[in-house]
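# Architecture at a glance
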Amino acid sequence: MNRTAAAFLSVVRRRGPAWPFGLGFRVLGCRLSGLPRGLVVEPSEGCTGGCANCHPPVEPVHLDPAVFERWLDARPAQHATIHLAGRHSDPLSSPHLGPLVGLARARSSMVSISTLGLGMTPAVTSLPVDRWLISLPAATGESWMAVKGVNRLQEALEAVRMLRAARTGAMVEVILTKWSGSAGDAPAFARLAQEEGWDNTRIVHAFYDPLGGEYGRQGALALDEPDCPYRRSEDGGVELRLHGALCPHLDYLCLDARGGLRPCPIAGGDAPVLYEPSRESWFEAASWKARKTRRSFRNCTICP
Ligand code: SF4
């Protein structure tokens, strides 16, 4: 069964047989009003990763639930899905995660969170989340150390155990992100999945993101892996192996931790940002779809 079908079935089991109708109603409302169906929310600029050589803000900004609610109130149609994720940050560093998830749950049909899992608490595991995506940068302690300069594998494994033991019915997906230091970790990841009894797993490559500091740089990518979306360019930089794919956030917008509405989490500094929660802002943001389709923002050239 593919991931989308598995997620769909797990939410039906959890929320009941009427849930697909609510989802369909919200998708239709978005279509009719010309708005994207999904929203990616950055709860905090802080991070729980504690990686060596990474310097998250000393006083990180956290998304104010009141600002999030103002944006949701101003929207003419409710979202079908709301996904909480970091942008060089991690949702679990937000002190407001509970209220943010509560708002997302009340104003959409599906709530998901992407996180490293570090800093997981029993209170967080009990939040009404439909789908957890736990992103591991490595599958052995040695390669975690090679990638991040620290070894926090056991803490991340414990976070997954806590989520599964909470038995909330939420789907838990564990994802190995391959970096140069963890490029050979697929067999170790398969062993971990078997030992830990993970039902849903996936392997992806890290994004090339020059704004990501130490961990978005070219040297951190697993460029020698045949499935890496990037390769070395003739000028010594990095380029996509394949161009022309659809924008992966075509039907999403992004609300950052400062309350700014953006085209996506990774469009570069030339991308527009709106700070006034209003109906007009939502429609202006919807009009960015044409530029996303043309991939005309700066970081679109390095977006797989
Ligand atoms: S960087 Fe461009 S192509 Fe990538 S998700 Fe953002 S808008 Fe879409």
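A quick note: this is a predicted structure, and the numbers were derived from the prediction, not measured.

The rules we used
- Residues numbered from 1 in each chain as written.
- Predicted model: local features only at pLDDT ≥ 70, side-chain atom pairs only at ≥ 80, totals over all residues.
- Helix = DSSP H or I, 4+ residues; strand = E, 2+ residues; numbered from the N terminus.
- Rg over C-alpha atoms; globule rule 2.2 N^0.38 Å.
- Buried ≥ 20, exposed ≤ 12 C-beta atoms within 10 Å, placed from the backbone.
- Contact = placed C-beta atoms within 7 Å.
- Pairing = 2+ DSSP bridges.
- Right-handed = clockwise from strand over helix to strand, strands pointing away.
- Near = placed C-beta within 6 Å.
- Nonpolar A, V, L, I, M, F, W, Y, C, P; charged D, E, K, R; others polar.
- Core = buried A, V, L, I, M, F, W, Y, C linked by C-beta atoms within 7 Å.
- Arc of directions from axis to C-beta.

What follows covers the overall build of the chain. For the chain, the count of helices and strands is ten helices and ten strands. Here the C-alpha atoms of the chain give a radius of gyration of 19 Å, agreeing with the 19 Å that 2.2 N^0.38 yields for 304 residues. Considered along the principal axes of its C-alpha atoms, the chain spans approximately 50 × 50 × 40 Å. Looking at the chain residue by residue over its 304 residues, the buried ones come to 39%. Counting contacts in the chain only where the partners sit at least 6 residues apart, residues at least 24 apart contribute 70% of the total.

Summarising the sheet, strand β5 (residues 171-178) and strand β6 (residues 200-205) pair through six bridges and their orientation is parallel. Looking at β6, one finds that I175 is bridged to R202. Traced from β5 through helix α8 (residues 186-196) to β6, the parallel crossover comes out right-handed.

Bringing the sheet that holds strand β9 (residues 252-255) into the picture now. Ordered in space as β6-β5-β4-β3-β2-β1-β9-β10, the eight strands form an open sheet in which the pairing is mixed. Each of the sheet's edge strands pairs with one partner strand only, and the pair in question is β6 and β10 (261-262).

C247, H249, C264, C300 and C303 are the nearest of the 13 residues found near the ligand. Its residues placed into classes, the shell around the ligand shows nine nonpolar, two polar and two charged.

Unusually for a residue other than glycine, N53 sits at a positive phi of about 70°. Mapped onto the elements, N53 comes out in the loop between β1 (38-41) and α3 (65-74). With 10 C-beta atoms packed within 10 Å, N53 lands in the exposed category.

What follows is about the nonpolar core. One finds V41, L100, W132, I134 and V172 to be the most contacted residues of the largest nonpolar core, which totals 69 residues. Residues contacting W132, with those up to four places away along its chain left out, are I113, L163, A170, V172 and E173.

Moving on, we get to helix α4 (residues 97-106). Among the residues making up α4, those that are buried are L97, L100, V101, L103 and A104. For α4, the angular spread of the buried residues around the axis is 160°, confining them to a single face. Looking at the buried side of α4, the elements it contacts are β1, α3, β2 (81-84), β3 (110-115) and α5 (122-125).

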